[in-house]
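Observations on the model geometry
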Amino acid sequence: MTRPDSLLETVASLIARRSEGTYWDFKRCHHASKADLIHDTLCLANAKHRGSRFLIFGVDNENFSLHSISNDPGRRTQADIAGLFRDNSSKFFQSRFPDFNLAEVLIEGTLLDVLVLEDMPNKPYYLVERYGQLRAHHIYTRVCDTNTPVTNAAQPHEIERMWRERFGLNLTPLDRVKLYLNQVHAWVPSNKIGENPYEHHRTFPEFTLRVTEAEQIMACNEEWTRGEICTDNNHAEYYEIHFHQTCLARVLYVRFDDRKKSMVAPKWEARGVGRFYFYEADSISYALQKWYAASGRGDHSMTLSIRGNSDVSKQARSRWGHHLKIPVTSKEELDEFLGHRNDREHVDTSQDKDEQYELFLRNLLEFDDWRRQRGTI
């Protein structure tokens, strides 16, 4: 989701262009017609663009002057727009409509509304029942600054592009498997290869997940594991992700408590003499962890127990209860929290196990505080 400060910068830069484009559209005021609002939303959502799309209310689309929407009699709230789509969800193909959020921005003292459409691989979005003048089974899109007219449909090559995106056929194999891991129940058991079981994607069986033993030297008792019982019996394995016979990735996971519970191992970066553990939001490791947790294949968890009676352990329990989650972050957010990689001070991390665990908890608490201060939680 677009952050408020970056949204303000984005909208200001789009207005400064004094033109409309493929992924942004100006409206002097909110739509009088609900059908027009749906049409503009579908066109933007189906447009060829990587990233968010913006329907900006309060900007004249001819002279690009600003007009406050504070007194717009047709102004809609987030709940109004969500209700419009939700109440008509059965009219959309597979009941799917674009993900969006409505935000306010203040440009030169003028209040604007911005409908931010998230870039999701569910295209094409279209109606299977007529709504007002919008036709059923007509796929609308936006090319440059022009929407597909309601009486027409997108060109065949545009429709092909949308379907290819839905099935991930425009992506690299590694990005495709990230997409397919969201389809939890599409993975089914296959025959065994040697002693190792594997699973394949039902529609694209060239993608397989295989379990292999991790090296004996692989750490499986790092501080992030120590809230679980029986840590002396932790066991490390890999999930190997294959495309045909090519191994795309090897993802380490750890089995706790005599293999009763499993989690994908998070990454870490040094912070002071401790370590800050995290998942990268767009990583194959986090995609596999989500698949793991949602698949129902045993107790594959997204949470870790909090142990100990130190002050920091008590503080962690008072905030999160008895279980914590490894935070999910982006490279950009990580650099903001830890400082840019090239500017970080490198020190030896603590070797004391109790101190390591306290530092692990403290780093998570301080990251949570930092996010709250920035308003990103």
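As the structure is a prediction and not an experimental result, all values here were calculated from the model. (Residues numbered from 1 in each chain as written. Predicted model: local features only at pLDDT ≥ 70, side-chain atom pairs only at ≥ 80, totals over all residues. Heavy atoms only, no water.)

Inspection of every chain in the model, using the stated rule, returns 29 aromatic pairs. Judged by centre distance (6.5 Å) and plane angle (75°), the rings of Trp187 and Trp291 are edge-to-face. A residue pair is termed long-range when its members are at least 10 positions apart, and Trp187 in strand S7 (residues 187-189) and Trp291 in helix H6 (residues 284-294) qualify at 104 residues. Taking relative accessible area as the criterion, Trp291 reaches 0% and is therefore assigned buried. Here the aromatic rings of Tyr357 and Phe360 are separated by 5.8 Å at their centres, their planes lie at 40°, and the arrangement is tilted. One end of the pair is Tyr357 and the other is Phe360, both in helix H9 (residues 353-374) and three residues apart, which spans about a single turn. Of the two residues, Tyr357 and Phe360, both sit in the buried class. Over the aromatic face of Phe204 sits the side chain of Arg176, whose NZ or CZ is 5.2 Å from the ring centroid. The ring of Tyr238 is capped by Arg250, whose NZ or CZ atom sits 3.9 Å from the centre of that ring. (Phe/Tyr/Trp six-rings, centres within 6.5 Å; stacked < 30°, edge-to-face > 60°. Helix = DSSP H or I, 4+ residues; strand = E, 2+ residues; numbered from the N terminus. Buried < 20%, exposed > 50% of the residue type's maximum accessible area, 1.4 Å probe, protein only. Lys NZ or Arg CZ within 6 Å of the ring centre and 35° of its normal.)

This paragraph deals with the pattern of salt bridges. Tallied over the entire structure, the rule returns 25 salt bridges. One salt bridge in this structure joins Asp119 and Arg53, with 3.2 Å as the shortest N-O distance. Linking Asp119 in the loop between strand S4 (110-117) and strand S5 (142-143) with Arg53 in strand S2 (residues 53-57), this pair joins segments that are 66 residues apart in sequence. By relative accessible area, which is 26% here, Asp119 ends up partly exposed. Arg275 is the salt-bridge partner of Glu223, the closest N and O atoms lying 3.4 Å from each other. Taken together, the positions of Glu223 in the loop between strand S9 (207-213) and strand S10 (235-243) and Arg275 in strand S14 (residues 274-280) put the pair 52 residues apart, joining distant regions of the chain. Looking at Glu223, the relative accessible area reads 2%, which means it is buried. (Salt bridge = Lys/Arg side-chain N within 4 Å of Asp/Glu carboxyl O.)

Below, the discussion takes up the environment of Met120. With respect to the helices and strands, the residue Met120 is situated in the loop between S4 and S5. By relative accessible area, which is 28% here, Met120 ends up partly exposed. Met120 sits 69 residues away from Gly51 along the chain, and the two C-alpha atoms are 8.8 Å apart. When sequence neighbours within four positions are dropped, the list of residues in contact with Met120 reads Asp99, Tyr125 and Glu165. (Contact = heavy atoms within 4.5 Å.)

Here helix H8 (residues 331-338) crosses H9 at 105°, and the two axes come no closer than 11 Å. In terms of orientation, H8 and H9 fall into the roughly perpendicular class. In contact with Glu333, Glu336 and Phe337 of H8, H9 contributes Asn363, Glu366, Phe367, Trp370, Arg371 and Arg374. Classifying every residue of the contact of H8 with H9 gives three nonpolar, one polar and five charged. (Axes fitted to C-alpha atoms, helices over the stretch in contact; angles between N-to-C directions. Parallel < 35°, antiparallel > 145°, perpendicular 65-115°, else oblique. Nonpolar A, V, L, I, M, F, W, Y, C, P; charged D, E, K, R; others polar.)

Attention shifts here to the side chain of Asp113. For Asp113, the location among the structural elements is in strand S4. Taking relative accessible area as the criterion, Asp113 reaches 1% and is therefore assigned buried. A polar side-chain atom of Asp113 sits 2.9 Å from a polar atom in the side chain of His30. A polar contact of 2.9 Å, which involves the side chain of Asp113, links it to the side chain of Arg75. Look past the residues within four positions of Asp113 in its chain and what remains in contact with it is His30, Leu55, Ile56, Phe57, Ile69, Arg75, Arg76, Leu102, Ala103 and Glu104. (Polar contact = N/O pair within 3.5 Å; in protein donor to acceptor, adjacent residues only side chain to side chain.)

Here the focus is unusual backbone geometry. With omega at 0°, the peptide bond leading from Lys123 into Pro124 counts as cis. By the secondary structure assignment, Pro124 is in the loop between S4 and S5. The phi dihedral of Arg18 falls on the positive side, at around 55°, and the residue is not glycine. In this structure, Arg18 sits in the loop between helix H1 (4-16) and strand S1 (24-27). In this structure Arg18 comes out as exposed when scored by relative accessible area, which is 51%. A positive phi angle, close to 55°, is found at Gln94, a residue other than glycine. Relative to the assigned elements, Gln94 resides in the loop between helix H3 (78-87) and strand S3 (100-107).

Moving on, we get to the sheet that holds S3. Taken together, four strands build an open sheet; the order of strands is S1-S2-S4-S3 and the sheet is mixed. Looking at strand neighbours, the two that pair on one side only are S1 and S3, the edges of this open sheet. The sheet shows a mean angle of 20° between the axes of neighbouring strands, direction not considered. Contacting S1, S2 and S4, helix H2 (residues 34-45) runs over the sheet at an angle of about 150° to S2. Here H3 sits on the sheet in contact with S3 and S4, set at roughly 150° to S3. (Pairing = 2+ DSSP bridges.)

Right, let's talk about the pairing of S10 for a bit. Summarising burial for S10: nine of the nine residues are buried, a large majority. Side-chain alternation along S10 places His235, Glu237, Tyr239, Ile241 and Phe243 on one buried face and Ala236, Tyr238, Glu240 and His242 on a second face that is also buried. Where S9 and S10 come together, seven bridges link them in antiparallel fashion. Looking at S10, one finds that Arg210 is bridged to Glu240. Here nine bridges tie S10 to strand S11 (residues 246-256), and the two strands are oriented antiparallel to one another. Each residue of the ladder has a partner; that of Tyr238, found in S11, is Leu252. Between S10 and S11, which follow one another and run antiparallel, lie two residues, and His244 among them has a positive phi close to 55°.

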